[in-house]
Amino acid sequence: MSSKKLNLTLKVWRQPGPNAKGEFKTYYAKNISSDASFLEMLDIVNEELEAKGEEPIAYEHDCREGICGTCGMVINGRPHGPLQGITTCQLHMRHFKDGDVIYIEPFRARAFPVIKDLIVDRSAFDKIIQAGGFISVNTGSAPEANSIPVKKENADLAMDAAACIGCGACVAACPNASAMLFVSAKVSHLALLPQGLPEREIRVQRMVAKMDELGFGNCSNIGACEAECPKEIKITNIARLNREFYRAKFLSNVEE
Amino acid sequence: MALESKIPAGPIQDKWTNHKFNLKLVSPANKRKYDIIVVGTGLAGSSAAASLAELGYNVIVLTFHDSPRRAHSIAAQGGINAAKNYPNDGDSIYRLFYDTLKGGDYRAREANVYRLAEVSNNIIDQCVAQGVPFAREYGGLLDNRSFGGAQLSRTFYARGQTGQQLLLGAYSALSRQVGLGRVKLYTRREMLGLVVIDGMARGVVARNLVTGELERFAGHAVVLATGGYSRVFYLSTNAMNCNATAIWRAHKKGAFFGNPCFTQIHPTSLPLHHEQQSKLTLMSESLRNDGRVWVPKQKGDKRHPNDIPEDERDYYLERMYPSYGNLTPRDIASRAAKRMCDEGYGVGETGQAVYLDFSDAIKRLGKKVIEERYGNLFQMYEMITGDNPYEVPMKIYPAPHYTMGGLWVDYNLMSTIPGLFVIGEANFSDHGANRLGASALMQGLADGYFILPYTIGDYLASHKFIPVKTDHEEFIKEENAQKDLIKRLISINGKRTVDDLHRELGKIMWDYVGMSRNAEGLTKAIQMIGDLREEFWRNVKVPGNDADLNQTLERAGRVADFMELGELMARDALHRNESCGGHFREEYQTEDGEAKRDDENFAYVAAWEFKALGEWVLHKEPLVFEYVKPSTRSYK
């Protein structure tokens, strides 16, 4: 692929702190290689700001391989930008044209308050996992691995769901700021495996209760979450979550 | 101070069992009286924190990430080794031990490596019980594949996302303990200083990355699980926030640094393809199961790879190392790629790349099978390069990836500071001079799940602890020292950005302390790093203030530490007058360009004691080989 140079106008959301008022500010990204990634483009803008003694745009990122789930911003109205099935760090500048104006905002949701500029607090996701997104097995008490056969089909489906990186794009994409896709991915992953069955009922109830408590909205089957998920987690997981939830309500002896 | 490795006596297969019996125990009722601080939440940190909390200890966990699940273990792709012998191909604990020791070019402790192999099977059991969705056969049982440096299949995997799935397993175990209130989790906290009281590690000072406040944490022991230091090269496969600050600050407080020059350059990374690049992306070694590495036979051949006929291609790994072929260990594969490119056979615009070709495998197995095995890697490749690897061979080149060196620890994983334990990539322990693929995940989880939880109890049970609160004068002293350092970084207000200085350091490291090294270059590098360090402290520019979320300030502190660590790496490389594993000294090579070890003079761990900047004292821990006699490592 031959590389080109791009000049772009950025409209970036700047917000000094959680309670401060935010606004869009304009920056110019000059002479950007079309081979550069979107975040490398932001790095270049930031390094210029730093050199001028101005505060760079705060944004989170880490692995830059699309797996850690740290990065995430809304680019021209879409979480993780215009392409499907990738994270912000996997987006490359060859998908933009010279002269483009790009709007960059944080993920917005009641349960994800802004910390600074493009950085939001997604610790609500951790709290949902802490409420029940696990199999209770202490170190040392596991049986021999191959004593638990798993149907390949189920193992594959579980892996599809377990691929979630916890980035929060599903919440940012949803008009209700619902966390159903995230919760359903973990519930599905563990409900599809024999190891997950002993806690099947209690897990789904606790996770859903925590999700509601933290201020995430409800699911109204719009499907924006699936469309924007960088790992292409399927909305059928939400159907499974609903089944698991009602099943648990009928079958469970546990008051939750 | 003499180094005591504390390797237990007795036959190798009984050492760990006997040692466990001889370790003192903390009774269940007493465990809750001890506070343990764990820094870092990758595989080693998360698994240790969860396991210690399950045992009943009070655990405090710090991570600079917004969530424990972000740690860079998540990016490991290919797999995790274990000696299960499920494929019936002749594997055993002894063979995994042998392969790992030989793979490390006989620069690791036999006893540690044997223990690692011994607990490898427990790790797989544990992870499966947690719900880690490993790849399976149609019969429902676990599948395996091959990795470099092994002639059998012992690698368990979850598509190309094994690290992610193992970390999410450990994270779920950790989260369960957080939910139960047995672990106190502090996210967005970066450890800056270690607090040592009466010669024992008793706490840390950390910066709250949101408010900028410095916070003090006191405990009876401190566990560092903060990963490796490949970012010293600036361009590496490590995540952008990986750093050496925790281990480096501990080093300056008295923890010896083991084999700092043993760094791994991974053979299958994407080549550098534009000048604004911020990091290098790894393509899993598992690709070498089915991909064939080649360059054109003719120098400077500019034809499209698909137009180069079979008989004009040099499958050089298969040619030079017929018995391991494309699955030679990483150090050997990386050097071979470098040699081919240095001799002018490299491909791509820069000539700094070789081909990794799947066309034979696609012909043999069909596109669907290849897609199932490596789909996400192929997609990642296309995303970055714009090329479709199903149709055009991948272009790859070696990149800094892993550091075998790290803080020196004894058999109990304790550093030279009593009460300071170091686990996972942050320690130097198990991989010698070269790590085999799929062994990092194994070591991180071995340390965290199955070794540290035993050995830390022995330390706690056999020491008396004076009560220490965070208002102790040593805490105040350490906090003030960190405050001063931060003020100094902000007040310089020079002309150069942090990244600009980091890039310059990275270039020195890559040019002189990278894939091949020589005395002249290393001597020059030491001088250059010293000069650059002065330039840094005179001319760095850190905008913003310290009482706020300030990412430039975070990076500045880390780069300041790299500027010191880089020098120690060069000094270590200069003193080690031999070639072994990833440490290749041009002066010491065989006629056909292979690494030439010097067992008579260098069969030891180099453990460096910090005295002052530019001044270190070398301590040697001799390596004794009772079971596997070091031989010239041959993969031919």
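Computed from a predicted model, the values in this text were never measured in an experiment.

1. Topic: the overall build of chain A
Item 1. A count of helices and strands for chain A gives 8 helices and 7 strands.
Item 2. The principal-axis extent of the C-alpha atoms belonging to chain A is close to 60 × 45 × 35 Å.
Item 3. Counting over 256 residues, chain A shows a buried share of 55%.
Item 4. Contacts in chain A between residues far apart in sequence, at least 24 positions, make up 72% of those at least 6 positions apart.

2. Comments concerning the overall build of chain B
Item 1. Along chain B, the regular secondary structure elements total 17 helices and 20 strands.
Item 2. Taking 2.2 N^0.38 as the reference for a compact globule, 636 residues should give roughly 26 Å; the C-alpha atoms of chain B span a radius of gyration of 24 Å, in line with that estimate.
Item 3. Each of the three principal axes of chain B carries a C-alpha extent, and together these read 75 × 60 × 50 Å.
Item 4. By residue count, 61% of the 636 residues in chain B fall in the buried class.
Item 5. Across chain B, contacts joining residues at least 24 apart in sequence account for 74% of those joining residues at least 6 apart.

3. Description of the interface of chain A and chain B
Think of interface size as the accessible area that goes away when the parts come together; that is how it is often given.
Item 1. On the chain B side, the residues contacting the 68 residues of chain A number 66 residues.
Item 2. Counting only elements with at least two residues in the side of chain A that touches chain B, the list comes to α1 (38-51), β6 (114-116), α2 (123-132), α3 (152-162) and α5 (180-191) of chain A.
Item 3. Along the lines of polarity and charge, the residues of the side of chain A that touches chain B split into 30 nonpolar, 20 polar and 18 charged.

4. Considerations on the domain arrangement of chain A
Residues and elements named next belong to chain A.
Item 1. For chain A, the assigned domains read domain 1 (5-116) and domain 2 (124-251).
Item 2. Here the C-alpha centre of domain 2 lies 29 Å away from the C-alpha centre of domain 1.
Item 3. Listed as interface residues are 18 residues of domain 1 and, on the opposing side, 16 residues of domain 2.
Item 4. In terms of residue class, the side of domain 1 that touches domain 2 is made up of 9 nonpolar, 6 polar and 3 charged.

5. Considering the packing of helix α5 (residues 110-130) of chain B against helix α12 (residues 440-461) of chain B
All names here are of chain B.
Item 1. It is the contact of α5 with α12, at a shortest axis distance of 9 Å, that shows an interaxial angle of 85°. Taken together, the axes of α5 and α12 lie roughly perpendicular to each other. Between α5, through L116, V119, S120, N122, I123 and Q126, and α12, the contact on the second element is made entirely by M442, Q443, L445, A446, Y449 and F450.
Item 2. Looking at side-chain class alone, the contact of α5 with α12 contains 8 nonpolar, 4 polar and no charged residues.

6. Considering helix α14 (residues 498-512) of chain B
Item 1. Spanning 15 residues, α14(B) covers 21 Å between terminal C-alpha atoms, matching the ideal 21 Å at 1.5 Å per step.
Item 2. Of the residues making up α14(B), those classed as buried are V498(B), D499(B), L501(B), H502(B), L505(B), G506(B), I508(B), M509(B) and Y512(B).
Item 3. If you follow the buried residues of α14(B), they end up packed against α1 of chain A together with α15 (519-539) and α16 (551-575) of chain B.

7. Section: the packing of α14(B) against α15(B)
Residues and elements named next belong to chain B.
Item 1. Where α14 meets α15, the axes come as close as 10 Å, and the angle between the chain directions of the two elements is 175°. The orientation of α14 relative to α15 falls into the category roughly antiparallel. Only G521, L522, K524, A525, M528, I529, L532 and F536 of α15 make contact with α14, whose side of the interface consists of L501, E504, L505, I508 and Y512.
Item 2. For the contact of α14 with α15, a count of residues per class yields 10 nonpolar, 1 polar and 2 charged.

8. What to know about the domain arrangement of chain B
Residues and elements named next belong to chain B.
Item 1. What the domain assignment lists for chain B is domain 1 (266-400) and domain 2 (473-595).
Item 2. When each unit is reduced to the centre of its C-alpha atoms, the spacing between domain 1 and domain 2 is 31 Å.
Item 3. Across the boundary between the two partners, domain 1 contributes 6 residues, which contact 5 residues of domain 2.
Item 4. Split by residue class, the side of domain 1 that touches domain 2 holds 1 nonpolar, 1 polar and 4 charged.

9. Overview of the confidence of the model for chain B
Item 1. Summary statistics for chain B give a mean pLDDT of 96 and a share of 100% for residues scoring 70 or more.
Item 2. For this predicted complex, the interface confidence comes out at an ipTM of 0.98, alongside a pTM of 0.97.

10. Overview of the environment of W616(B)
All names here are of chain B.
Item 1. Mapped onto the fold, W616 is located in strand β20 (residues 615-622).
Item 2. With 22 C-beta atoms counted inside 10 Å, the residue W616 sits in the buried group.
Item 3. Expressed as a C-alpha distance, the spacing of W616 and N58, which sit 558 residues apart in the sequence, is 36 Å.
Item 4. What W616 contacts, discounting residues up to four positions off in sequence, is L568, R571, W608, E609, F610 and K611.

11. Focus on the sheet that holds strand β1 (residues 35-39) of chain B
All names here are of chain B.
Item 1. The strand order across the open sheet formed by 5 strands is β6-β2-β1-β10-β18, and the pairing between neighbours is parallel. Each having just a single partner strand, β6 (183-186) and β18 (420-422) make up the two edges of the open sheet. Strand after strand, the sheet turns through a mean of 20° between neighbouring axes, direction not considered.
Item 2. In this structure, β1 lies alongside strand β10 (residues 221-224), joined through 4 bridges in parallel fashion. The residue of β10 that forms the bridge with I36 is A221.

12. Quick look at the sheet that holds β20(B)
Residues and elements named next belong to chain B.
Item 1. Reading across from one edge, β17-β11-β19-β20 is the order of the 4 strands in this open sheet, with antiparallel pairing throughout. A strand with exactly one partner marks an edge of an open sheet, and here the two such strands are β17 (406-407) and β20.
Item 2. Where strand β11 (residues 257-258) and strand β19 (residues 604-612) come together, 2 bridges link them in antiparallel fashion. Looking across to β19, one finds that G258 is bridged to A607.
Item 3. Against the sheet, α16 contacts β11, β19 and β20, and its axis sits at roughly 135° relative to β19.

13. Section: α16(B)
Item 1. When the terminal C-alpha atoms of α16(B) are compared, their 36 Å separation across 25 residues agrees well with the 36 Å that a helix rising 1.5 Å per residue should span.
Item 2. Most of α16(B) is tucked away, with 21 of its 25 residues classed as buried.

14. Section: the nonpolar core
Item 1. V171(A), V223(B), L224(B) and L420(B) are the most contacted members of the largest nonpolar core, which totals 292 residues.
Item 2. If sequence neighbours within four positions are ignored, V171(A) has contacts with F107(A), A109(A), A111(A), F112(A), A177(A), S178(A), A179(A) and F216(A).

15. Examining the pairing of strand β16 (residues 394-403) of chain B
Residue and element names in this part refer to chain B.
Item 1. Among the 10 residues of β16, 10 are classified as buried, and the element is accordingly described as predominantly covered.
Item 2. Alignment of strand β12 (residues 263-269) against β16, held across 5 bridges, turns out to be antiparallel. Its bridge partner being in β16, Q264 is matched across the sheet by Y402.

About the cut-offs
Residues numbered from 1 in each chain as written. Chains lettered and ligands numbered in written order. Predicted model: local features only at pLDDT ≥ 70, side-chain atom pairs only at ≥ 80, totals over all residues. Helix = DSSP H or I, 4+ residues; strand = E, 2+ residues; numbered from the N terminus. Buried ≥ 20, exposed ≤ 12 C-beta atoms within 10 Å, placed from the backbone. Contact = placed C-beta atoms within 7 Å. Rg over C-alpha atoms; globule rule 2.2 N^0.38 Å. Nonpolar A, V, L, I, M, F, W, Y, C, P; charged D, E, K, R; others polar. Domains from an automatic or database assignment. Axes fitted to C-alpha atoms, helices over the stretch in contact; angles between N-to-C directions. Parallel < 35°, antiparallel > 145°, perpendicular 65-115°, else oblique. Expected span 1.5 Å × (residues − 1). pLDDT = per-residue confidence, 0-100. Pairing = 2+ DSSP bridges. Core = buried A, V, L, I, M, F, W, Y, C linked by C-beta atoms within 7 Å.

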